[in-house]
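So the chains spell out like this:
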Amino acid sequence: MLKIAIQKSGRLHDESVSLLRECGIRMNNNNGQLKASVLNFPMEVFFLRDDDIPQYVADGVADAGIVGENILREKGAHVDNVCKLGFGQCRLSLAVPRNSSFSSADDLAGTRIATSYPSTLSRFLSRRKIKAEIHVISGSVEIAPGIGLSDAICDLVSSGSTLLTNGLKEIEVIFQSEAVLIANKKSEQAQKDIFDKLLFRMHAVRNARNNKYIMLNAPNENLKEIFKVLPGLKSPTVVPLATEGWSSVQSVVNEDVFWEVIEKLKALRAEGILVSPIEKMIV
Ligand code: PRT
Ligand code: ZN
């Protein structure tokens, strides 16, 4: 049995559950319980506070976990950081009151900085040789400058609206974070084998999310150029159309370059372009 820890409730919970579902994991409803059993995979899911997940995995209470990289760095737990999962994106940043003259981390020498990330901040400050006082608070860090507790804050930012409503401006990004899959360093071979199966499925889900299936019709004289734009997994599938001199081309296109590719295809006289999502992609 592979034991995996995910957040009980909060920003990473829903996407962690959806990712496991897309990997074909069918768990019984947890109804606020600590753990859920899985009906069709040798796995058990633990629901924990995100702050506790790295330690549980490091101690081997869980074999694997899904947690924000921000928590992992702050806790400094001794686990394998296996891969990024493509959700829970945010950044740990320094921010100051909008009207302040501080414009970079170096300006914060001699100031008081409020944060829930003291270890990460302290490592950052010593790397940059900045001497500042760190005030640890566990929540609502953004109100600290307003109530005179600090001159600056170091906190997670995603849309930036919390900073804006509290009259703060971001002056430096310390690091970009997202949800990651972590694993115990000393799991038994049996657990490692199940973990590898899960990882294989996660990659298939991830590839599918990042790619689209594309079908189009094109004049035969432009096919060579179209193949350059649409290399496909191995090479595109080509089927002749009933209309002489035309073919149907089927391939896969990466989300990041999608619109560029479409423009090039149109310039190559591609017509009837159909695009659909891919459910799983095994390469
Ligand atoms: O109960 P538990 O301890 O498990 O949960 P929690 O309350 O500690 O964490 P939670 O659910 O808030 O966040 C879980 C994880 O989501 C974090 O560890 C990050 O990896 C990730 N994440 C992504 C974020 C954000 N985006 C985020 N915006 N975590 C927190 N925030 C907060 C931030 O602290 C600030 O207060 O949202 C506010 C800023 O958001 P914007 O959109 O206004 O910029
Ligand atoms: Zn937490």
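Draft legend 1. Representation of the overall build of the protein chain within the structure. What the protein chain contains, in helices and strands, is 8 helices and 15 strands. The globule rule puts the C-alpha radius of gyration for 283 residues at 19 Å, and the 24 Å found for the protein chain is more than 25% above it. C-alpha extents for the protein chain along the principal axes are approximately 75 × 50 × 35 Å. Per-residue burial for the protein chain yields a buried fraction of 45% across its 283 residues. For the protein chain, the accessible surface area stands at approximately 15,200 Å², while carbon and sulfur atoms represent 50% of it.

Draft legend 2. Molecular detail of the sheet that holds strand β11 (residues 179–183). Spatially, 6 strands are ordered β2-β3-β1-β4-β11-β5 in an open sheet, and the strand pairing comes out mixed. Bordering the open sheet on either side are β2 (35–37) and β5 (80–84), each of which pairs with just one other strand. Recorded for the sheet is a direction-independent mean angle of 25° between the axes of neighbouring strands. Here strand β1 (residues 2–7) runs beside strand β4 (residues 64–68); their pairing, made up of 2 bridges, is parallel. When the bridges of β4 are listed, Ala5 appears paired with Gly65. Sheet contacts for helix α1 (residues 13–22): β1, β3 (43–48) and β4; angle to β1, the most-contacted strand, approximately 145°.

Draft legend 3. Up close: the site of ligand 1. Taken together, 23 residues lie near ligand 1, and Asp51, Asn70, Ser159, Gly160 and Thr162 sit nearest. Take Ser159: an N or O atom from its side chain is 2.6 Å from an oxygen atom of ligand 1. Between ligand 1 and Ser161, the relevant distance is 3.2 Å, taken from an oxygen atom to a side-chain nitrogen or oxygen of the residue. Contact with the protein chains covers 79% of the free accessible surface of ligand 1, which is 840 Å². When residues of the shell around ligand 1 are traced back to their parent elements, those giving at least two are α3 (69–75), β9 (152–157) and α5 (161–165). With 3 residues, the top contributor of residues to the shell around ligand 1 is β9. Per-class residue counts for the shell around ligand 1 are 5 nonpolar, 12 polar and 6 charged.

Draft legend 4. Spatial organisation of the sheet that holds strand β13 (residues 237–240). Strand order in this open sheet of 4 strands is β13-β14-β12-β15, and the pairing throughout is antiparallel. On the outer flanks of this sheet lie β13 and β15 (271–277), each paired with one strand and no other. Strand-to-strand twist of the sheet, defined as the mean angle between neighbouring strand axes without regard to direction, takes the value 20°. Across 4 bridges, the pairing between β13 and strand β14 (residues 246–254) is antiparallel. Bridge pairing in β14 places Val239 opposite Ser248. Across the sheet, helix α6 (residues 189–210) lies against β12 (211–219) and β14, angled at about 45° from β12, the strand it touches most. Contacts between helix α8 (residues 258–267) and the sheet are confined to β12, β14 and β15, with β15 contributing the most and set at about 160° to the helix.

Draft legend 5. Local environment of the coordination of the zinc ion (ligand 2). On the protein side, the zinc ion (ligand 2) has Asp50 (OD) and Asp51 (OD) as donor atoms, found 2.0 to 2.1 Å from it. If you look at the zinc ion (ligand 2), its 4 donor atoms make angles of 72 to 176° with each other, and the shape they trace is irregular. Its relative accessible area of 24% is what places Asp51 among the partly exposed residues.

Draft legend 6. Highlighting α8. Within α8, burial applies to Phe258, Val261, Ile262 and Leu265. Buried residues of α8, seen end-on, are gathered within an arc of 100° and therefore sit on one face of the element. Looking at α8, the residues exposed on the side facing more than 90 degrees away from the buried face are Trp259, Glu263 and Ala267. Residues of α8 that are buried make contact with β12, α7 (223–229), β14 and β15. Positive phi appears at Arg269, one or two residues downstream of α8, with a value of about 65°.

Draft legend 7. Structural view of the packing of α1 against α6. Direction vectors running N to C along α1 and α6 enclose 100°, while the axes themselves pass 9 Å from each other. Taken together, the axes of α1 and α6 lie roughly perpendicular to each other. On α6, the residues touching Leu19, Leu20 and Glu22 of α1 are Leu198, Met202, Val205 and Arg209. Per-class residue counts for the contact of α1 with α6 are 5 nonpolar, no polar and 2 charged.

About the cut-offs
- Residues numbered from 1 in each chain as written.
- Chains lettered and ligands numbered in written order.
- Predicted model: local features only at pLDDT ≥ 70, side-chain atom pairs only at ≥ 80, totals over all residues.
- Heavy atoms only, no water.
- Helix = DSSP H or I, 4+ residues; strand = E, 2+ residues; numbered from the N terminus.
- Rg over C-alpha atoms; globule rule 2.2 N^0.38 Å.
- Buried < 20%, exposed > 50% of the residue type's maximum accessible area, 1.4 Å probe, protein only.
- Areas by Shrake-Rupley, 256 points an atom, 1.4 Å probe, with all protein chains shown as cover.
- Pairing = 2+ DSSP bridges.
- Axes fitted to C-alpha atoms, helices over the stretch in contact; angles between N-to-C directions.
- Contact = heavy atoms within 4.5 Å.
- Near = heavy atom within 4 Å.
- Polar contact = N/O pair within 3.5 Å; in protein donor to acceptor, adjacent residues only side chain to side chain.
- Nonpolar A, V, L, I, M, F, W, Y, C, P; charged D, E, K, R; others polar.
- Donors = N, O, S within 2.8 Å, 3.2 Å for Na, K, Ca; no water.
- Tetrahedral: all angles 85-135°; square planar, octahedral: opposite > 155°, others 65-115°.
- Arc of directions from axis to C-beta.
- Parallel < 35°, antiparallel > 145°, perpendicular 65-115°, else oblique.

Functional significance is not addressed by these values, which are geometric in nature.
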